[in-house]
Amino acid sequence: MTSAVPQSKALIDDLKWRGLFSQSTDEAALVSALSKPTTLYIGFDPTAPSLHVGNLVVLLVLRRFQIAGHIPIALVGGATGLIGDPSGKSEERSLNTTDVVAAWVERIRAQVSKYLDFGATGNAAIVANNLDWTAPLSAIEFMRDIGKHFSVNQMLAKDSVSSRLEGGGISYTEFSYQVLQSFDFLELYRRFNCTLQLGGSDQWGNIVAGLDLIRRVESGSGHALTIPLLAKADGSKFGKTAGGAIWLDPEMTSPYAFFQYWLNTDDKDVINFLKVFSFKSKSEIEALEKSHNENPGLREAHRALARELTSLVHSSDICDRVEAAARALFGQGELSELDEATLASALAELPRTTVKKGEPIPTWVDLLAATGVVDSKSAARRIVKEGGAYLNNVKISGEDFAPEKSDFLCGKYAVLRKGKRDLAAVELI
RNA sequence: GGCGGGUUGCCCGAGCGGCCAAUGGGAGGGGACUGUAAAUCCCCCGGCUCUGCCUUCGAAGGUUCAAAUCCUUCACCCGCCA
């Protein structure tokens, strides 16, 4: 990443075109401020052991700013993660223990770091943890030095609070969240001259509260820019599947599943997702849009999206592997024609189970249940009954069907399929 | 602290002594059509050693031949009044 002369207007226009601009404080002033390298931050609270694809939206915006020559700070919320942000939540959350949050902080710090450049000359990225300045502060100091600047009247008026007052109520703990986030902005302003905070559109209230605090305490000024929450065409929540969120951690969402998630994007969303997630230029994306409209069946745009993101989040090697695996397993060719090495590497990406050589081979139902692709044997039985059960891409029937020795490709592997696209592997050992 | 209302399967929500593994909707799954897409149509959707059995309706006891449904206690939530 080279430190370019910031083209501030172009940067903001590009964000708008990508649908990454929700609102900002005085836009003209922001554009003018961005004509010089500017320090900006986004906060990530450790609410899970990994970030998910929803977090990736804003994280990549931070990266866009760095590419444009600005200095990004990724703030990991070691302190705020202990409190819980009420924004966008209809209920009070249960608190995680300090040990758990501390462990998550470390993991998220490592994750976030992958997307930023710490060696850039002039605009190297910074990772900070708000526990560093929150932990040493006593409750009395906090109330006198910070709390004194907040009006409860204004705090109550915040959307995140008022919606909770009407609903299930809010604890003093979560109510205080906005004060902590404001304090973060103030601290980053003091330490790094950070003058811009980015966040999801639900963060607007928290961000401008921070600007107020900076004005009152330091007579300083700064800016806020929010990013729309990503919406899907069908109204369902982005980044969630039946199995849960799509995580960036390969242990939590396998690279294979990650690639498949993007490849299976709804046609109506794929161009928007390219704009949001991809670093391709406007003209490149418009070319993909054209080819997608002309021949959607080819799914060129889907593939470009899946490839770029899998390469970015995992690596291009891993991306090649999982794509090759999918090609082999979904391909038109006979599975039996694949050589052992190709088959082995393709199956390595799938959920799996093993069978010992000397022992009797369990039924298809038992094998599928063992891979974890279904929740129960009853579910596996239903699949067979409904005609969605396949062995080596050949439909099977009969609830007590069991593969034979000869069904194992290369003498070692069998491929179970549930429905159109859910695959699992059995290995004979 | 007082009075009233609530707690049902992944979510919302019916049921208010037997016909209840429990209506309906959503989510999810399978099939057909397609492109590992969407829409549409059909089917499924607690578990199991599956013509039957087992465990569920906040928790624990009790009444009854029989309870998600009645009684008692406890926990949590939500109103109104102090």
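Preceding this section is the structure that the text describes.
Please read all numbers here as calculations on a predicted model, not as lab measurements.

Participant: Would you mind going over the environment of lysine 232 with me for this structure?
Facilitator: Relative to the elements of secondary structure, lysine 232 occurs in the loop between strand S6 (223-227) and strand S7 (240-241). With a relative accessible area of 21%, lysine 232 lands in the partly exposed category. Along the primary structure lysine 232 and serine 201 are separated by 31 residues, whereas in three dimensions their C-alpha atoms are 16 Å apart. Filtering out sequence-adjacent residues up to four positions away, lysine 232 remains in contact with Lys237, Phe238, Asp269 and Phe273.

Participant: Quick question: what am I supposed to make of the pairing of strand S2 (residues 39-44) here?
Facilitator: Successive residues of a regular strand alternate their side chains across the two faces of the sheet. Counting buried positions over the six residues of S2 gives five, a clear majority of the element. Of the pairings in the sheet, the one linking S2 to strand S3 (residues 71-76) comprises six bridges and is parallel in character. Bridged to isoleucine 42 within S3 is alanine 74. Regarding the hand of the β-α-β motif, the stretch spanning S2, helix H3 (residues 53-67) and S3 is right-handed. Sheet topology places S2 next to strand S5 (residues 194-200); three bridges connect them, and they run parallel. Counted as the bridge partner of threonine 39 is cysteine 194 from S5.

Participant: How should I be thinking about the packing of aromatic side chains in this particular structure?
Facilitator: Two descriptors summarise a pair of aromatic rings, namely the distance from one centre to the other and the angle between the planes of the rings. For the structure on display, the rule yields ten aromatic pairs. Aromatic side chains phenylalanine 258 and tryptophan 262 sit 6.0 Å apart centroid to centroid with 70° between the ring planes, which places their arrangement in the edge-to-face category. In this pair, phenylalanine 258 and tryptophan 262 both sit in helix H13 (residues 255-263), four residues apart, roughly one turn of the helix. Residue phenylalanine 258 is classed as buried on the basis of its relative accessible area of 0%. With a centroid separation of 5.2 Å and an interplanar angle of 80°, the aromatic rings of tyrosine 261 and tryptophan 262 are classed as edge-to-face. Each member of the pair, tyrosine 261 as well as tryptophan 262, is classed as buried. Put simply, the rings of Phe238, Phe258, Tyr261, Trp262, Phe273 and Phe277 pair up and form one aromatic cluster. The ring centre of phenylalanine 279 lies 5.1 Å from the NZ or CZ of arginine 63, which sits over that ring. If you follow arginine 64 out to its NZ or CZ, it ends over the ring of phenylalanine 279, 4.4 Å from the centre.

Criteria and cut-off values
- Residues numbered from 1 in each chain as written.
- Chains lettered and ligands numbered in written order.
- Predicted model: local features only at pLDDT ≥ 70, side-chain atom pairs only at ≥ 80, totals over all residues.
- Heavy atoms only, no water.
- Helix = DSSP H or I, 4+ residues; strand = E, 2+ residues; numbered from the N terminus.
- Buried < 20%, exposed > 50% of the residue type's maximum accessible area, 1.4 Å probe, protein only.
- Contact = heavy atoms within 4.5 Å.
- Pairing = 2+ DSSP bridges.
- Right-handed = clockwise from strand over helix to strand, strands pointing away.
- Phe/Tyr/Trp six-rings, centres within 6.5 Å; stacked < 30°, edge-to-face > 60°.
- Lys NZ or Arg CZ within 6 Å of the ring centre and 35° of its normal.

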